[in-house]
Amino acid sequence: MNENIAFIGAGNMARSLIGGLVADGWNPSALWAADPSEDQRALVGRHWPDIHVTDVNAEAIAHCEVLVLAVKPQVMAEVARAMAPQVQARKPLVVSIAAGVRSEDIERWLGGDLAVVRCMPNTPALVGSGATGLAANTRVDARQRDLAESLLRAVGMTVWLEDEAQLDAVTALSGSGPAYCFLFIEALEDAGTALGLPRETARLLALQTAFGAAKLALESDEDAATLRARVTSRGGTTERALAVLEAGELRELMQRALTAARDRSHELA
Ligand code: NAD
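So, a few notes on the structure that sits alongside this text.

Calculation notes
- Residues numbered from 1 in each chain as written.
- Predicted model: local features only at pLDDT ≥ 70, side-chain atom pairs only at ≥ 80, totals over all residues.
- Heavy atoms only, no water.
- Helix = DSSP H or I, 4+ residues; strand = E, 2+ residues; numbered from the N terminus.
- Buried < 20%, exposed > 50% of the residue type's maximum accessible area, 1.4 Å probe, protein only.
- Contact = heavy atoms within 4.5 Å.
- Areas by Shrake-Rupley, 256 points an atom, 1.4 Å probe, with all protein chains shown as cover.
- Near = heavy atom within 4 Å.
- Polar contact = N/O pair within 3.5 Å; in protein donor to acceptor, adjacent residues only side chain to side chain.
- 1 Å grid on protein atoms, 1.4 Å probe; cavity = no way out; pocket = protein on both sides within 12 Å on 5 of 7 lines; lining within 4 Å.
- Sits in = over half its atoms within 2 Å of the grid points.
- Nonpolar A, V, L, I, M, F, W, Y, C, P; charged D, E, K, R; others polar.
- Pairing = 2+ DSSP bridges.
- Axes fitted to C-alpha atoms, helices over the stretch in contact; angles between N-to-C directions.
- Phe/Tyr/Trp six-rings, centres within 6.5 Å; stacked < 30°, edge-to-face > 60°.
- Lys NZ or Arg CZ within 6 Å of the ring centre and 35° of its normal.
- Expected span 1.5 Å × (residues − 1).
- Patch = residues over 30% accessible without salt bridge, like charges linked within 9 Å, V, L, I, M, F, W, Y side chains within 5 Å.
- Salt bridge = Lys/Arg side-chain N within 4 Å of Asp/Glu carboxyl O.
- Lys, Arg positive; Asp, Glu negative; His and termini not counted.
- Charge placed at Lys NZ, Arg CZ, Asp CG, Glu CD.
- Right-handed = clockwise from strand over helix to strand, strands pointing away.

**Re the overall build of the chain**
Line of reasoning, step 1. For the chain, the helix and strand inventory stands at twelve helices and eight strands.
Line of reasoning, step 2. If one aligns the C-alpha atoms of the chain with their principal axes, the spans along those axes are about 70 × 35 × 35 Å.
Line of reasoning, step 3. Evaluated residue by residue, the chain yields a buried proportion of 39% over its 269 residues.
Line of reasoning, step 4. For the chain, restricting intrachain contacts to residue pairs at least 6 apart in sequence, the fraction spanning at least 24 positions comes to 61%.
Line of reasoning, step 5. Total accessible area on the chain stands at roughly 14900 Å², and carbon and sulfur atoms take up 56% of it.

**Here we look at the site of the ligand**
Line of reasoning, step 1. The immediate surroundings of the ligand are formed by 22 residues, with Met13, Asp35, Gln40, Val71 and Thr123 found nearest.
Line of reasoning, step 2. Between the ligand and the protein, one listed contact pairs an oxygen atom with a side-chain N or O atom of lysine 72 at 3.4 Å.
Line of reasoning, step 3. Protein coverage of the free-state accessible area of the ligand, which is 830 Å², stands at 80%.
Line of reasoning, step 4. When each cavity is represented as a set of grid points, the ligand is found to reside in the second largest pocket.
Line of reasoning, step 5. Of all the elements in the fold, those that place two or more residues in the shell around the ligand are α1 (12–23) and α4 (73–90).
Line of reasoning, step 6. Class assignment of the residues belonging to the shell around the ligand gives a composition of 13 nonpolar, seven polar and two charged.

**Digging into the sheet that holds strand β6 (residues 116–120)**
Two pairing modes exist for strands in a sheet, parallel and antiparallel, and in both the strands are linked by backbone hydrogen bonds.
Line of reasoning, step 1. Reading across from one edge, β3-β2-β1-β4-β5-β6-β7-β8 is the order of the eight strands in this open sheet, with mixed pairing throughout. Unpaired on one side and paired on the other, β3 (52–54) and β8 (156–160) mark the two borders of the sheet. Strand-to-strand twist of the sheet, defined as the mean angle between neighbouring strand axes without regard to direction, takes the value 20°.
Line of reasoning, step 2. Bridge analysis of strand β1 (residues 5–8) against strand β2 (residues 31–34) gives four bridges, and the strand direction is parallel. The residue of β2 that forms the bridge with isoleucine 8 is alanine 34.

**Remarks on the packing of aromatic side chains**
Line of reasoning, step 1. Considering all chains together, one arrives at zero aromatic pairs under this definition.
Line of reasoning, step 2. When the ring centre of tryptophan 160 is taken as origin, the NZ or CZ atom of arginine 145, which lies over that ring, is 4.1 Å away.

**A closer look at helix α6 (residues 142–153)**
Line of reasoning, step 1. Its twelve residues place the ends of α6 16 Å apart at the C-alpha level, agreeing with the 16 Å of an ideal helix rising 1.5 Å per residue.
Line of reasoning, step 2. Listing the buried residues of α6 in full gives Gln144, Leu147, Ala148, Ser150, Leu151 and Leu152.
Line of reasoning, step 3. Capping the start of α6 is the job of one residue whose side-chain oxygen sits 3.2 Å from the backbone nitrogen of arginine 143: aspartate 141.

**A short note on a negative patch on the surface**
Line of reasoning, step 1. Negative charge collects at one region of the surface, where Glu38, Asp39, Asp55 and Glu59 lie side by side.
Line of reasoning, step 2. When you line up the elements, aspartate 55 lands in the loop between β3 and α3 (57–61).
Line of reasoning, step 3. Under the relative-accessibility criterion, aspartate 55 is labelled partly exposed at 48%.

**So, the pairing of strand β7 (residues 130–136)**
Line of reasoning, step 1. Counting buried residues along β7, six of its seven residues qualify, which places the element largely inside the surrounding structure.
Line of reasoning, step 2. Both β6 and β7 contribute to a ladder of four bridges, which runs antiparallel. Within β7, the position partnered with valine 117 by the bridge is alanine 136.
Line of reasoning, step 3. Sheet topology note: the β7/β8 ladder contains five bridges and is parallel. Considered in β8, the bridge of threonine 132 is made with threonine 158.
Line of reasoning, step 4. Running through α6, the crossover from β7 to the neighbouring parallel element β8 is right-handed.

Written as structure tokens, this is what we have:
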């Protein structure tokens, strides 16, 4: 697929998507990036000289079949309303990566009657290992679903949701999830240091253990519970540690944390 794609906002997320697309073989001259910030445009130009950059959103929209909205949620209403006439003239597939902005609002701000896919990526997308939940409105056809999916697959894995409301739960799990993993890694590092390991050694062991466990689980046909059971010998060290974590009600804590994040995501939308 080599449809023309216009990015409105050429910040961190847009640049990671552009990087993923180009690495996937997407023709850079089919990509447009619009941003009022000269610095952001210069970053795009330096990395990908063949991409069209502009500070005029209308110019990018005039060439696109896919319009990626990658501005901050706070400015989305204003930015979308301003470009409604150009979008209505072109009727591209609209893909929004803005956290907490509902597709029906985006569609309304852009003048209505548009195919909109709303996505919730996460920060590992910056290194090509993102996890993105996608939800399509009823106007999105099969080809457009494939297009949106290939766009986000360029920076990691994707899952489709039946119902856009589930994006609040996705935000709680994978959107905010990298922070939970970082906290877990920090806690491992601190605990290892408290047991007498040099801080740097504890840091490296904690990081590689988290990475290795995730890679093993991803590459295995078995679920996490089975893999956990396999490293937990009866009467061994792991069993002792897991008993402490279960007694501390880690699962219940995680349930409460995700519920709090899901509820906050719903409030913000
Ligand atoms: P960012 O600040 O790096 O990028 C936003 C860009 O929008 C900036 O370059 C800014 O100059 C530009 N912009 C502002 N007004 C504009 C206008 N009128 N027209 C065109 N461009 C304009 O932010 P980011 O981290 O890339 O986030 C972008 C979107 O991605 C946000 O909506 C955010 O919710 C979503 N998102 C980000 C992450 C993440 O991990 N960074 C994760 C999930 C979702």
